[in-house]
Amino acid sequence: MSILDTAKQAAAGVMAKLQPATPPDPLIAKRDRPGQHGSLGTSVPRIDGPRKVRGKARFAAEVPAERMTYAALRYATIARGRIASLSTAAAEAAPGVVFVMTHANAPRLKPPASFMSDPRAAGASSLPIMQDASIHWNGEPVAIVLAETQEQADHATSLIEVTYEAAPARLVFAHEATRSRQPDSVLGEPALVQAGDAEAALAGAAFKVDRTFHTPRHSHAAIEPHAATVWWDGEDLVIHDTTQMLHQTRWTLAGVFGIAESHIRIFSPFVGGGFGGKGLWSHQVLAIAAAKLAGRPVRVALSREGVFRVAGGRTLTRQRVALGANADGTLAALIHTGTVAMTEHNNCPEQFTFPARHLYAADTFLLEQRVADLDMLANTFMRAPGESVGTFALETALDELAETVGIDPIALRRRLEPKQDPTSGHDFSSRHLLEAYAKGAERFGWNQRSPVPGARREGEWLVGMGMATATYPYYRMPGGAARITLTRDGHARIAMASHDMGMGTATVQAQAGADRLGLPIDNVTFEYGDTALPHGTIAGGSSQTASIAAAVTAASAKLVADLLQRAGNDSPLAGLSADAVEARDGGLGHREQTDRFESYASILSRAGLEALSVEAEAPPPMEVGTYSMHSYGAQFCEVRVNAVTGETRVSRFLGSFDVGRILNPRLATSQFRGGIIMGLGLALMEETQFDERSGRVMNPSLAEYHVPVHLDVPEIDVIWTDIADPHAPLGAHGIGEIGITGVGAAVANAVFNATGRRVRDLPITLDKLL
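Quick look at the structure, then. Just so it is clear, the structure is predicted and the values come from calculations on it, not from any experiment. (Residues numbered from 1 in each chain as written. Predicted model: local features only at pLDDT ≥ 70, side-chain atom pairs only at ≥ 80, totals over all residues. Heavy atoms only, no water.)

### Considering the packing of helix H17 (residues 544–567) against helix H18 (residues 600–607)
Phase 1 of the analysis: Relative to each other, H17 and H18 sit at 55°, their axes nearing to 9 Å. Judged by the angle between their axes, H17 and H18 are oblique. The chirality of how H17 crosses H18 is left-handed. Between H17 and H18, the residues in contact are Leu563, Arg566 and Ala567 and Tyr600, Ile603, Leu604, Arg606 and Ala607, respectively.
Phase 2 of the analysis: Here the residues of the contact of H17 with H18 sort into 6 nonpolar, no polar and 2 charged. (Axes fitted to C-alpha atoms, helices over the stretch in contact; angles between N-to-C directions. Helix = DSSP H or I, 4+ residues; strand = E, 2+ residues; numbered from the N terminus. Parallel < 35°, antiparallel > 145°, perpendicular 65-115°, else oblique. Left-handed = near helix turned anticlockwise from the far one by under 90°. Contact = heavy atoms within 4.5 Å. Nonpolar A, V, L, I, M, F, W, Y, C, P; charged D, E, K, R; others polar.)

Set out below in structure tokens:
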């Protein structure tokens, strides 16, 4: 999500120089041995599936509580200024109303620590929440109403009378971009990367493309809107939240309310989609404060409009991509620069230059990101932040360069394949992108594509093919810990305060735990979603699988050492070191001498224990400071564009991915397809309409903010290399975000192949094709 990059900060500098990278995970080699395949790599159905289809999975807005009150918010209608008058008398007198809170009676709270300001922080913004009459964006909550029913609370908000004194606001992106600034860093990396004189190389290049691209704002539209159910039990605070950062939220709220973290417990076992947006926003803070004053539990479930008003999404970008090619098609210059909109109170600069830093070889580079500060709702992470829109610009420009040079788009990319990371100089930990190109092209039938735009027509429909490269970094977040409890009956409970937002975390971690401990998967339970469990990392940046696996690996090593110590001299394992044994068949055995084996039940029985529990922290993510680690893919798209109406339909799509080992093919296919579908929305329809006169979001509903539905989505084929990365836990990379990258460009390039028209401003709507 993502929400990422403390991993790179932890691995950078002295630590990366002094410590070796993480050794290969033993499960990689174990899976490759005959008869040792285990559970990983098989399509185990989601463990939480039966509970969800039976309605037994309880989400944050479904948790019951005695004397529950229901919250509704009233939103500001100016972009900047102050409240001139505010009357809540009519709302307080309305039927069922329990309490109304405004800045006039809200408790004194500290501003939340914003994400990236501290590795423990979760705040979307550092703005104070309802502490005075100031207004910072159009949609900021000015009141929260608690009532006996949701309908009563919603009605009462309409009775609040409020007037404003407006102040000049920074709302026009084009104007503020002329005063843009270079941020101190872009998620821990420099905002400016230069190698040689790229502008001079561009000017002297045999072939050149120099284009400007625009991508709009996008809003989060997860199937589950943001919600929380909260109450105070004396000085203790209980929160059921839709969050993808449990411990970070707890730490941040402790600072806001001035209480110890030990007095806060947060539950989040089920989240109906996160995509980077399920962080700490103002609605949770307001509900907690109101619950304290009212002395009753509070449920705040944002309406769909409420999500658009108080939960940010992807910001808009203006990007320049200039490519200068030598006579042989190699790159003399790669320039990718531009500006995004942000606020002064958050740090999410939409890292669109990241793909250009790592994908292709070039003689010179000029890569720069700038931000323009606006008075708007703080933007945040949204599935593959930066990479999703950055690949649109870069890969569309590359397609245009291929046309200019007169070469096939895949052949051009093959000529640009680097031997090492082009900007960092690091070796790649694992990179099989050329294989992904080849397999994808063969499966999709790329050889049937005509290089001449508009050459294929079926009645009114112009048919074209396009492709683009997909890429997303590998992250492993520091600070995670796991606990393993092994019982005498051969069952294991693995616990970590992690998250499952629908991607199958509990299933894959049960599979990995089963293989690591040598147990059947039915004997392994993965516990998560509770801050009472060992410290979990965020579910963002496609990092959670690796982060959990590293912690579980550390805990299992500690468990094996403890078991060997307790086995005693009478055990067949006597005298063996931890390196000499492996977990198999419900116990420990010598790696070579199969007769030297003892079951867990026997070891625990001899030690007089019913259960043994150990806890360990994951080692620092040294691998990300030692290697260039990324996931890759090749996206192939076929579109049909109606020559009369301009309507665009995606008729076929294939993603060919290189993401390390695939741990569960069924779940992986779902993640890849979900990312591609979200990419189709990015390409063809999604756009948050922001009124630059008032700062108001004008389409805050799914009736007006369009996302793909079933009829918009064609058959999506997915294939992968399944080659382990020896430097990643389990040999795997996260796959939650790679699927969306490259999709926008693949669609745009297919549209050009069908029509001869280049669309450089998303979304690709019919008015741009007529």
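### A word on the sheet that holds strand E22 (residues 587–590)
Phase 1 of the analysis: Across the sheet, 3 strands lie side by side as E21-E22-E23; this open sheet has antiparallel pairing. The open sheet terminates on both sides in strands that have one partner only, identified here as strand E21 (581–584) and strand E23 (597–599). Between one strand axis and the next, the sheet turns through 20° on average, direction left out of account.
Phase 2 of the analysis: Both E22 and E23 contribute to a ladder of 3 bridges, which runs antiparallel. The residue bridging Gly589 from the neighbouring strand is Phe597, located in E23.
Phase 3 of the analysis: Across the sheet, H17 lies against E21, E22 and E23, angled at about 80° from E22, the strand it touches most.
Phase 4 of the analysis: Most of the contacts of H18 go to E23, to which it runs at about 70°, and overall it touches E21, E22 and E23. (Pairing = 2+ DSSP bridges.)

### As for the packing of helix H20 (residues 665–684) against helix H21 (residues 743–755)
Phase 1 of the analysis: At a minimum axis distance of 8 Å, the contact between H20 and H21 shows a crossing angle of 55°. In terms of orientation, H20 and H21 fall into the oblique class. The two elements H20 and H21 cross, and the hand of that crossing is right-handed. Where H20 approaches H21, its residues Ile676, Gly679, Leu680, Leu682, Ala683 and Leu684 are matched on the opposing element by Val743, Gly744 and Val747.
Phase 2 of the analysis: Of the residues belonging to the contact of H20 with H21, the class tally is 7 nonpolar, 2 polar and no charged.

### Details of the layout of surface pockets
Phase 1 of the analysis: Size it by volume and the second largest pocket reaches roughly 640 Å³.
Phase 2 of the analysis: Forming the walls of the second largest pocket are 30 residues, and the residues nearest its centre are Pro26, Arg516, Thr553, Ser556 and Ala557.
Phase 3 of the analysis: Sorting the residues of the lining of the second largest pocket by element identifies helix H3 (26–32), helix H16 (505–517), H17 and E21 as the ones contributing at least two each.
Phase 4 of the analysis: Ranked by the residues each element gives to the lining of the second largest pocket, the list is headed by H17, at 7 residues. (1 Å grid on protein atoms, 1.4 Å probe; cavity = no way out; pocket = protein on both sides within 12 Å on 5 of 7 lines; lining within 4 Å. Points joined across faces, edges and corners; volume = space filled by probe spheres on them.)

### Some points on the packing of aromatic side chains
Given two aromatic rings, one states the distance between the centres and the angle between the planes to describe the pair.
Phase 1 of the analysis: Per the counting criterion, the structure on display carries 11 aromatic pairs.
Phase 2 of the analysis: Between Trp232 and Phe257, the ring centres sit 6.2 Å apart and the planes meet at 70°, which makes this aromatic pair edge-to-face. Taken together, the positions of Trp232 in strand E9 (residues 227–233) and Phe257 in helix H9 (residues 246–257) put the pair 25 residues apart, joining distant regions of the chain.
Phase 3 of the analysis: In this structure Trp232 comes out as buried when scored by relative accessible area, which is 18%.
Phase 4 of the analysis: With 6.2 Å between their ring centres and 70° between their planes, Tyr472 and Tyr475 make a pair best called edge-to-face.
Phase 5 of the analysis: The buried category is assigned to Tyr472, whose relative accessible area is 1%.
Phase 6 of the analysis: Given a relative accessible area of 1%, Tyr475 falls into the buried group.
Phase 7 of the analysis: Taken together, the ring pairs connect Phe444, Trp446 and Phe636 into an aromatic cluster. (Phe/Tyr/Trp six-rings, centres within 6.5 Å; stacked < 30°, edge-to-face > 60°. Buried < 20%, exposed > 50% of the residue type's maximum accessible area, 1.4 Å probe, protein only.)

### Concerning the sheet that holds strand E15 (residues 365–373)
Phase 1 of the analysis: Here 5 strands make up an open sheet; going across it, the order is E7-E15-E14-E13-E8 and the pairing mixed. The open sheet has two edge strands with one neighbour each: strand E7 (192–195) and strand E8 (207–215). Each adjacent strand pair in this sheet contributes to an overall mean axis angle of 10°, direction not counted.
Phase 2 of the analysis: Sitting on the sheet, helix H13 (residues 387–405) touches E8, strand E13 (317–325) and strand E14 (331–342), and the angle it makes with E8 is about 150°.

### Observations concerning the environment of Ser126
Phase 1 of the analysis: Relative to the helices and strands, Ser126 is located in the loop between strand E3 (97–101) and strand E4 (134–135).
Phase 2 of the analysis: Discounting chain neighbours no more than four positions away, the residues touching Ser126 are Pro111, Pro112, Ser114 and His345.

### Section: the side chain of Thr396
Phase 1 of the analysis: Structurally, Thr396 is set in helix H13.
Phase 2 of the analysis: With relative accessibility at 1%, the residue Thr396 sits in the buried group.
Phase 3 of the analysis: A polar side-chain atom of Thr396 sits 2.5 Å from the main-chain carbonyl oxygen of Phe392.
Phase 4 of the analysis: Not counting residues within four places of it along the chain, the set of residues in contact with Thr396 comprises Phe213, Thr391, Ala745, Ala748, Asn749 and Arg758. (Polar contact = N/O pair within 3.5 Å; in protein donor to acceptor, adjacent residues only side chain to side chain.)

### What about the side chain of Arg299?
Phase 1 of the analysis: Within the secondary structure layout, Arg299 lies in strand E12 (residues 298–301).
Phase 2 of the analysis: The side chain of Arg299 sits in the buried core without any salt bridge; Glu62 is the nearest counter-charge, 8.3 Å away.
Phase 3 of the analysis: A distance of 3.1 Å separates the side chain of Arg299 from the backbone oxygen of Ala61, its partner in a polar contact.
Phase 4 of the analysis: At 3.3 Å, the side chain of Arg299 and the side chain of Thr229 are in polar contact.
Phase 5 of the analysis: If we ignore the near neighbours within four places in the chain, the residues touching Arg299 are Ala60, Ala61, Glu62, Val63, Pro64, Met68, Thr69, Tyr70, Ala71, Ala228 and Thr229. (Lys, Arg positive; Asp, Glu negative; His and termini not counted. Salt bridge = Lys/Arg side-chain N within 4 Å of Asp/Glu carboxyl O.)

### As for empty space enclosed by the protein
Phase 1 of the analysis: Using the criterion set out here, one finds 6 cavities of 30 Å³ or more in the structure.
Phase 2 of the analysis: When its volume is computed, the largest cavity comes out at roughly 210 Å³.
Phase 3 of the analysis: What lines the largest cavity is a set of 20 residues, and nearest its centre among them are Arg217, Gly312, Gly313, Leu377 and Val697.
Phase 4 of the analysis: Taken together, the residues of the lining of the largest cavity sort by class into 8 nonpolar, 9 polar and 3 charged.
Phase 5 of the analysis: Within this model, the second largest cavity holds a volume of roughly 150 Å³.
Phase 6 of the analysis: Every residue lining the second largest cavity is counted, 18 residues in all, and those nearest its centre are Phe115, Gly123, Ala124, Thr380 and Phe381.
Phase 7 of the analysis: A per-class count over the lining of the second largest cavity returns 9 nonpolar, 8 polar and 1 charged.

### Describing the pattern of salt bridges
Phase 1 of the analysis: All chains considered together, the criterion is met by 43 salt bridges.
Phase 2 of the analysis: Salt-bridge contacts for Arg357 lead to Glu189; the nearest nitrogen and oxygen are separated by 3.2 Å. Of this pair, Arg357 sits in helix H12 (residues 354–358) while Glu189 sits in the loop between helix H7 (173–177) and E7, and the two are 168 residues apart along the sequence.
Phase 3 of the analysis: Of the charged contacts, one joins Arg309 and Glu305 as a salt bridge, the two residues approaching to 3.1 Å between their closest N and O atoms. Placement of the pair is Arg309 and Glu305 together in helix H11 (residues 304–310), with a separation of 4 residues, close to one helical turn.
Phase 4 of the analysis: Members of the salt-bridge network, linked through shared partners, are Arg456, Glu458, Glu638, Arg640 and Arg652.

### Points about unusual backbone geometry
Phase 1 of the analysis: Residue Leu762 is joined to Pro763 through a cis peptide bond whose omega torsion reads -5°.
Phase 2 of the analysis: If you check the backbone angles, Leu187 has positive phi at about 50° while not being a glycine.
Phase 3 of the analysis: Summarising the element assignment, Leu187 is placed in the loop between H7 and E7.
Phase 4 of the analysis: The class of Leu187 is buried, set by a relative accessible area of 1%.
Phase 5 of the analysis: Even without glycine at this site, Ser542 takes up a positive phi of about 50°.
Phase 6 of the analysis: In this fold, Ser542 is placed in the loop between strand E20 (524–527) and H17.

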